[in-house]
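Chain and residue survey
So the chains spell out like this:
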Protein chains: 4
Amino acid sequence: MSKLRVGVIGAGAMGASHARTLATGVPSAEVTRVFDMDTARAKQIADEVGGAPADSPESLIAEVDAFVVASPDFTHADLAVAGVEAGKHVLCEKPLAVTADDARRVVDAEVAAGRRFVQVGFNRRFDPGFVSLKGSITDGSVGRVQVLHGIHRNASNATSTDSSTLVTGSMIHEFDTFRWLLDDEIAGIRVESPVADGFKDPQIATLWMRGGQMITAEVYVNAAYGYDVRVEVVGDAGSATLEPRTPVVRRIAGQGGSSIGSDFVEHFLESYRLELAAWADASLRGEVVGASAWDGFAANLVAASGVRALTEGTRETVAVPERPALYA
Amino acid sequence: MSKLRVGVIGAGAMGASHARTLATGVPSAEVTRVFDMDTARAKQIADEVGGAPADSPESLIAEVDAFVVASPDFTHADLAVAGVEAGKHVLCEKPLAVTADDARRVVDAEVAAGRRFVQVGFNRRFDPGFVSLKGSITDGSVGRVQVLHGIHRNASNATSTDSSTLVTGSMIHEFDTFRWLLDDEIAGIRVESPVADGFKDPQIATLWMRGGQMITAEVYVNAAYGYDVRVEVVGDAGSATLEPRTPVVRRIAGQGGSSIGSDFVEHFLESYRLELAAWADASLRGEVVGASAWDGFAANLVAASGVRALTEGTRETVAVPERPALYA
Amino acid sequence: MSKLRVGVIGAGAMGASHARTLATGVPSAEVTRVFDMDTARAKQIADEVGGAPADSPESLIAEVDAFVVASPDFTHADLAVAGVEAGKHVLCEKPLAVTADDARRVVDAEVAAGRRFVQVGFNRRFDPGFVSLKGSITDGSVGRVQVLHGIHRNASNATSTDSSTLVTGSMIHEFDTFRWLLDDEIAGIRVESPVADGFKDPQIATLWMRGGQMITAEVYVNAAYGYDVRVEVVGDAGSATLEPRTPVVRRIAGQGGSSIGSDFVEHFLESYRLELAAWADASLRGEVVGASAWDGFAANLVAASGVRALTEGTRETVAVPERPALYA
Amino acid sequence: MSKLRVGVIGAGAMGASHARTLATGVPSAEVTRVFDMDTARAKQIADEVGGAPADSPESLIAEVDAFVVASPDFTHADLAVAGVEAGKHVLCEKPLAVTADDARRVVDAEVAAGRRFVQVGFNRRFDPGFVSLKGSITDGSVGRVQVLHGIHRNASNATSTDSSTLVTGSMIHEFDTFRWLLDDEIAGIRVESPVADGFKDPQIATLWMRGGQMITAEVYVNAAYGYDVRVEVVGDAGSATLEPRTPVVRRIAGQGGSSIGSDFVEHFLESYRLELAAWADASLRGEVVGASAWDGFAANLVAASGVRALTEGTRETVAVPERPALYA
């Protein structure tokens, strides 16, 4: 089998993790190029994974079969478009773009190319727990879904540092999760917070799916105690809850329980490996799996509506345009 | 010790359960009179607990030291007022009244009497699990509370049979729970449902406390799988979740887990006993513990706002008037 | 209903708890007499529960309908025999006697009287969790039982202060539990410890039932972290485990879990109330429920074999004599 | 990085799983040869993973850098010795040999070679849950370890089909687990069963470590309900229990719980990948990690003693000879 020659753009925590995971866990790929604005960092990670640093994103794209975008969010859309135009498969970290308009450009580029190249890094779609949760819907266990509840907490905020980026950077995971779980578009959104002024954290979103389901989602990026992602799906026959627990229970000094980590990369490490492996294998076949550019665009649309809802105190309708046939 | 002579008005499932619990689990009380419109039923329960049937609520009130109101909701307020006027201690099942105006009459009667006689049967305040949950707030474990999430599901609907009584009969438990947990009034409410027409079940309420906290509450009275009440309290230092589990885990045929009952009376039986015992002991001392008439009135006010919010599609402000000094 | 006039002999922690539980949770009984070698203590508890102190166990027995034995273990058998001879119902705390010979005297007294009066305080038989666990056997859920595993840990040792009393005072609960769960006699026992010298704590017992099942039981009375009692029943169709958990889960500072208490009285408080209520009601009917004198004797026999097995390093056969017809 | 050219001997369920895991999850290795007595099967798996079938184990060994032994148990020791003599790294599935004498031959071959080449496939040492459990000991959380309890259940028996192979094929995992967790040798063993005749399943082992700890281990290969491996470590400061749970809790029809799988390969799939990756990386460095030939030999010694103990009804001393300096 020939391997997929992969470039990694952006060698920060996420990019370095992806480069290492590809090198140590995905035999169908090899990391041949790494780019970062910090050239020393790029060289360090490239050395570590057996590749070479690239001079620019452009040269990197020219020298690889496919590439991972883990650079700052504002660069995502342009790099994804560049990948489409170069005919190279792209795994673009979420969000696909900072604005829905920018995300739309990626969709338009694929439609113009008549072919899909971009997978958006909504890794939960590859997490065995989330896959099992979805199975509780698709196998009919919970019956007709009526309500979902999502919890998304970080110990302390990293990238989501103001009221808007909490929606566009963190809560966007929930938007994709709900769309994917229910295989449906989000039709309406409200976002509110118990915090009146300054950084509105936590936030509580209320969402409506086209199919009628209602969803509550709490995102709290300074929840102090640890990283905690849970989803409950409630149907007319039962309920299914994803609530991960480490497998060791300690009973010490009057307390019995398990440790809760604070690092989402570690929490989802196996899902990242499965995501990268699925992406590499699909890229070798000329296919795209996981979240598409359309999914990335739709998530951006919801996020934009969410920011508006939070700012204006309104319930916003999410106006998702007609889906191009390419994403049928 | 002389015993509290107790009458029970209403010998349906709840009233009969209370009569039996008093007879078998509360030594400081004795059930001396039972009234029910169904006189045969009244006699049967009276015989069972060692009391005598009463001819009318009025005669019952005259013949006892204190009484339990477990008759239909529309009779609650008048009976509570009659108790106040007769100077008899009353344990009135929730809700205190069908309307907030009626509940106000009970408050006014107590204010006129210059003394409290009425405890409202919000039994969760005596449930060891709820008491422990409140302890996680008052002992500072979770830090400053930001958000609460409530779940209240029944296997199938009993008394809550339309969109409004779901709020006034079932969700009213959540209203009292949140007020009690946070020792604060509810300031605003929204109630929505994924069900467009007919019986709106499940319903999702969003609530705001005066102190700023936001709350989501799902009530689903036809949840099919069983009776399930959970509350999570989220603060800036941590989270505490009440999630009862039966103590036996069975591993059979590829599934490991615990049974979930469908009967709320059985679920909360010990809390009913603790509630009745606390009521009887306080009545003997001439005191009132647990939820007061004011608490019952406040819950009715929130419920009225909730019904309006559901019907009108609005967010309602809950206008709680000034609290009389009697309830300080 | 006339009440059962109850005397309590021994007003230590257990006796005082029983007196209070009778007074506040068992309407069919009233504590009329309390005896303790410490007469001030007896008066204090008697005052608290509305009874009077007794001058001696003998006078107490003469002045009540029934009595609870919660005095030191070495007094149990004589008091139980005195109860039988006086025709008074007795709830005797475990163990029924210090030696199997002494326990046999109680059995013989009942056989001579032709009637049973004695219930032994193996309270787990009334604990809802244990009752549910037994239900997993009797309803066929786990299939044919093959193996049981018991865990019994205290935070620190109270009454079990040497290698022998750990068996006769603590592990004796397990002996009764296994006999009751499987409705069968214990046929053989081995008791060993990882501790070579001094106080052998923890201890591990291996037991064989007449029906062939094997059992492991760990008893550790200085387990430091808290009070923890668990039992797993393993059959050829599945497994059922009693593993109580407090209903509130806290997530704080990287740990998620529940509190573990250290006080067995508090842990089993509701089971003590159910035990005392069942005893009082049965006594009023002239019946005995729960563990009989025979069960107490059998547990003593097993304990004696267990001490021998521990001391000698042997596997001991438990020679249970033929069961008198009175206990059929 | 040049890759480790790996041969896989034995293409049954375990061997095929290892070949696939290497091909899809271990970039530092490539499966170049596959041997199986069933040549069609060998070709099929070889095709699947991009390698070629080998004519014989001998030719396979000559043509690779390292190899995996997943052929029938009776072939293990000879193949491991052949690997040592050829200077090739070997990952030998457990058990290292059928008899302790045969396992000793592998140790002797390594001692003669003056170098270690063999890793034994005790995969639990690479399982994140087991690693975390061991961390509870090494970080001092549980204090000084006193007792361990192991549970090892299969839904139905596969390779362990008689009383002896249950010990040598299944329980041998526990022997290695306890040695590894406590970093100590097993000094004594007893193995018993509630089943008197025929296939003695379940079996209960009692073990003693040199350091004094006592261990109970239940192995039940026809436990019907699913695959279930648990270990509790009990120290004088607390307890740590490995009890894996799938992350989705379903509440359906009066039952709340999680699914339990029946396939141990699936259960431990990630640990197999981590084991194979660690082996490949270490082999490239000329090192051996994980369980050594000495560990394999020690486990065989304990298993032999265990079979004797089961057959004779004795407590057997495990006479572990002095450890060669090579394994210090």
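Residues numbered from 1 in each chain as written. Chains lettered and ligands numbered in written order. Predicted model: local features only at pLDDT ≥ 70, side-chain atom pairs only at ≥ 80, totals over all residues.

Within chain A, the secondary structure is distributed over ten helices and 16 strands. Rg of the C-alpha trace for chain A: 20 Å, near the compact-globule value of 20 Å for 328 residues, within the 12% margin. A principal-axis box enclosing the C-alpha atoms of chain A has dimensions of 55 × 50 × 45 Å. When each of the 328 residues of chain A is scored for burial, the buried share is 59%. (Helix = DSSP H or I, 4+ residues; strand = E, 2+ residues; numbered from the N terminus. Rg over C-alpha atoms; globule rule 2.2 N^0.38 Å. Buried ≥ 20, exposed ≤ 12 C-beta atoms within 10 Å, placed from the backbone.)

So, about the sheet that holds strand 5 (residues 89-92) of chain C. All names here are of chain C. In space, the seven strands of this open sheet follow the order 3-2-1-4-5-6-15, with mixed pairing throughout. Edge strands, defined here as strands with exactly one partner in the open sheet, are strand 3 (52-53) and strand 15 (291-292). Pairing analysis gives two bridges linking strand 2 (residues 29-35) to strand 3, with the strands arranged parallel. Paired with Val34 across the strands is Pro53, a residue of strand 3. (Pairing = 2+ DSSP bridges.)

With that settled, the discussion passes to the relation of the copies chain B and chain C. For the pair of chain copies, the relating transformation is a rotation about an axis with a translation along it. Of the two same-sequence chains, chain B is brought onto chain C (RMSD 0.0 Å, axial shift 0.0 Å) by a rotation of 180°. In short, the pair behaves as if placed about a two-fold rotation axis. Distance from the rotation axis, computed per C-alpha, reaches its smallest value in chain B at Pro27(B): 2.0 Å. In this assembly, 100% of the residues forming the interface of chain B have copies in chain C that are likewise at the interface, indicating an isologous arrangement. (Least-squares fit on C-alpha atoms with pLDDT ≥ 70 in both. Contact = placed C-beta atoms within 7 Å.)

Okay, unusual backbone geometry next. Backbone torsion omega between Asp201(A) and Pro202(A) reads 10°, so that peptide bond is classified as cis. Relative to the elements of secondary structure, Pro202(A) occurs in the loop between strand 8 (186-192) and strand 9 (203-209). Residue Pro95(B) follows Lys94(B) across a cis peptide bond; omega there is -5°. One can find Pro95(B) in the loop between strand 5 (89-92) and helix 5 (100-113). The phi torsion at Ala224(A) lies on the positive side, around 75°, for a residue other than glycine. Classification of Ala224(A) as buried rests on a count of 21 C-beta atoms within 10 Å. You will see that Ala253(A), though not glycine, has its phi angle at about 50°, which is positive. With respect to the helices and strands, Ala253(A) occurs in the loop between strand 13 (248-252) and strand 14 (255-259).

Rotating chain A by 180° about the axis while translating it 0.1 Å along that axis superimposes it on chain D, leaving an RMSD of 0.0 Å. With an isologous cut-off of 70% or more, the 100% of interface residues of chain A that recur at the interface of chain D puts this contact in the isologous class.

Looking now at the environment of Gly296(D). Residues and elements named next belong to chain D. Inspection of the secondary structure puts Gly296 in helix 10 (residues 293-312). Judged by C-beta crowding, with 30 C-beta atoms within 10 Å, Gly296 ranks as buried. Residues contacting Gly296, with those up to four places away along its chain left out, are Pro95, Leu96, Ala103, Val120 and Ala291.

Once that is clear, we can look at the domain arrangement of chain A. Many analyses report the size of an interface as the accessible area lost when the parts associate. Residues and elements named next belong to chain A. What the domain assignment lists for chain A is domain 1 (4-124 + 270-298) and domain 2 (128-262). Once you take the C-alpha centre of each, domain 1 and domain 2 turn out to be 26 Å apart. With seven residues of domain 1 at the contact, the number on the domain 2 side is nine residues. By residue class, the composition of the side of domain 1 that touches domain 2 is four nonpolar, no polar and three charged. (Domains from an automatic or database assignment. Nonpolar A, V, L, I, M, F, W, Y, C, P; charged D, E, K, R; others polar.)

The subject of this paragraph is the nonpolar core. Residues Phe67(C), Ala80(C), Val106(C), Phe67(D), Ala80(D) and Val106(D) are the most contacted members of the largest nonpolar core, which totals 219 residues. Membership of the second largest hydrophobic core comes to 218 residues, among which are Ala54(A), Ala97(A), Val142(A) and Ala224(B). (Core = buried A, V, L, I, M, F, W, Y, C linked by C-beta atoms within 7 Å.)

The next subject is the interface of chain A and chain D. Facing 31 residues of chain A, the contacting portion of chain D comprises 31 residues. If you list the elements that add at least two residues to the side of chain A that touches chain D, you get helix 1 (13-25), helix 6 (128-138), strand 12 (238-242), strand 13 and helix 9 (269-284) of chain A. Its residues placed into classes, the side of chain A that touches chain D shows 15 nonpolar, eleven polar and five charged.

Right, let's talk about the environment of Ser132(B) for a bit. All names here are of chain B. The residue Ser132 is located in helix 6 (residues 128-138) in this model. With 17 C-beta atoms counted inside 10 Å, the residue Ser132 sits in the partly exposed group. Spatially, the C-alpha atoms of Ser132 and Gln119 are 21 Å apart, while their sequence positions differ by 13 residues.

Taken residue by residue, a regular strand's side chains alternate between the two faces of the sheet. For strand 13 (residues 248-252) of chain C, the tally of buried residues reaches five of five residues, placing the bulk of the element in the interior. The sheet contact formed by strand 12 (residues 238-242) of chain B and strand 13 of chain C spans five bridges and is antiparallel. Counted as the bridge partner of Ser239(B) is Arg251(C) from strand 13 of chain C. In this structure, strand 13 of chain C lies alongside strand 14 (residues 255-259) of chain C, joined through three bridges in antiparallel fashion. Each residue of the ladder has a partner; that of Ile252(C), found in strand 14 of chain C, is Gln255(C). The loop that links strand 13 of chain C with its antiparallel partner strand 14 of chain C comprises two residues; one of these, Ala253(C), has a positive phi angle of about 50°.

As a further point, take the interface of chain B and chain C. Each partner contributes residues to the interface: chain B has 31 residues there, and chain C has 31 residues. Where the side of chain B that touches chain C is concerned, the elements lending two or more residues are helix 1 (13-25), helix 6, strand 12, strand 13 (248-252) and helix 9 (269-285) of chain B. Split into classes, the residues belonging to the side of chain B that touches chain C amount to 15 nonpolar, eleven polar and five charged.

Attention shifts here to the packing of helix 1 (residues 13-25) of chain D against helix 2 (residues 39-49) of chain D. Residue and element names in this part refer to chain D. At a closest axis distance of 9 Å, the pairing of helix 1 and helix 2 adopts a crossing angle of 15°. If you check the angle between helix 1 and helix 2, you find them roughly parallel. In the crossing of helix 1 with helix 2, the sense of the turn from one axis to the other is right-handed. Contact with helix 1, carried on its side by Ala16, Ala19, Arg20 and Ala23, involves Ile45, Glu48 and Val49 of helix 2 and no other residues of that element. (Axes fitted to C-alpha atoms, helices over the stretch in contact; angles between N-to-C directions. Parallel < 35°, antiparallel > 145°, perpendicular 65-115°, else oblique. Left-handed = near helix turned anticlockwise from the far one by under 90°.)

As a further point, take the sheet that holds strand 6 (residues 118-120) of chain D. Residue and element names in this part refer to chain D. With mixed pairing, the seven strands of this open sheet are ordered in space as 3-2-1-4-5-6-15. Strands with a single pairing partner mark the edges of an open sheet, and in this sheet they are strand 3 (52-53) and strand 15 (291-292). By the bridge criterion, four bridges tie strand 1 (residues 4-9) to strand 4 (residues 66-69) in an arrangement that is parallel. The partner of Val6 across the bridge, within strand 4, is Ala66. Where helix 9 (residues 269-284) meets the sheet, its contacts fall on strand 1, strand 2 (29-35), strand 4, strand 5 (89-92) and strand 6, and the angle it forms with strand 1 comes to roughly 130°.

Residue and element names in this part refer to chain C. You can see Gly50 is positioned in the loop between helix 2 (39-49) and strand 3. Accessibility expressed as a C-beta count within 10 Å gives 13 for Gly50, which makes it partly exposed. Separated by 20 residues in the primary sequence, Gly50 and Glu30 have C-alpha atoms spaced 8.2 Å apart.

Before going further, it helps to spend a moment on the pairing of strand 7 (residues 145-153) of chain B. All names here are of chain B. Across the nine residues that make up strand 7, a large majority, nine, are buried. The pairing of strand 7 with strand 11 (residues 228-235) spans eight bridges and is classified as antiparallel. Within strand 11, the position partnered with Ile151 by the bridge is Arg230. As paired elements, strand 7 and strand 10 (residues 214-220) share seven bridges and run parallel to each other. Opposite His149, over in strand 10, you have Thr216 as the bridge partner.

Once that is clear, we can look at the packing of helix 5 of chain B against helix 10 (residues 293-312) of chain B. Residues and elements named next belong to chain B. Running from N to C, helix 5 and helix 10 cross one another at 160°; their axes reach a closest spacing of 8 Å. The pairing of helix 5 with helix 10 is recorded here as roughly antiparallel in orientation. Crossing handedness for the pair helix 5 and helix 10: left-handed. On helix 10, the residues touching Ala100, Ala103, Arg104, Val106, Val107 and Glu110 of helix 5 are Ala293, Trp294, Gly296, Phe297, Asn300, Leu301 and Ala304. Of the residues belonging to the contact of helix 5 with helix 10, the class tally is nine nonpolar, two polar and two charged.

Next up on the list: helix 2 (residues 39-49) of chain B. Residues and elements named next belong to chain B. Within helix 2, burial applies to Ala42, Ile45, Ala46 and Val49. Buried residues of helix 2, viewed axially, fall in a sector of 105°; they line one side. With respect to the buried face of helix 2, the exposed residues turned more than 90 degrees away are Ala40 and Asp47. The inward-facing, buried residues of helix 2 abut helix 1, strand 2 (29-35) and strand 3 (52-53). Of the residues one or two after helix 2, Gly50 is the one with positive phi, at around 85°. (Arc of directions from axis to C-beta.)

Right, let's talk about helix 9 of chain A for a bit. Residue and element names in this part refer to chain A. Across its 16 residues, helix 9 extends 23 Å between first and last C-alpha, which sits within 8% of the 22 Å expected from 1.5 Å per residue. Among the residues of helix 9, those classed as buried are Tyr272, Arg273, Leu274, Glu275, Leu276, Ala277, Trp279, Ala280 and Ser283. Gly286 lies just past helix 9 and shows a positive phi near 75°. (Expected span 1.5 Å × (residues − 1).)

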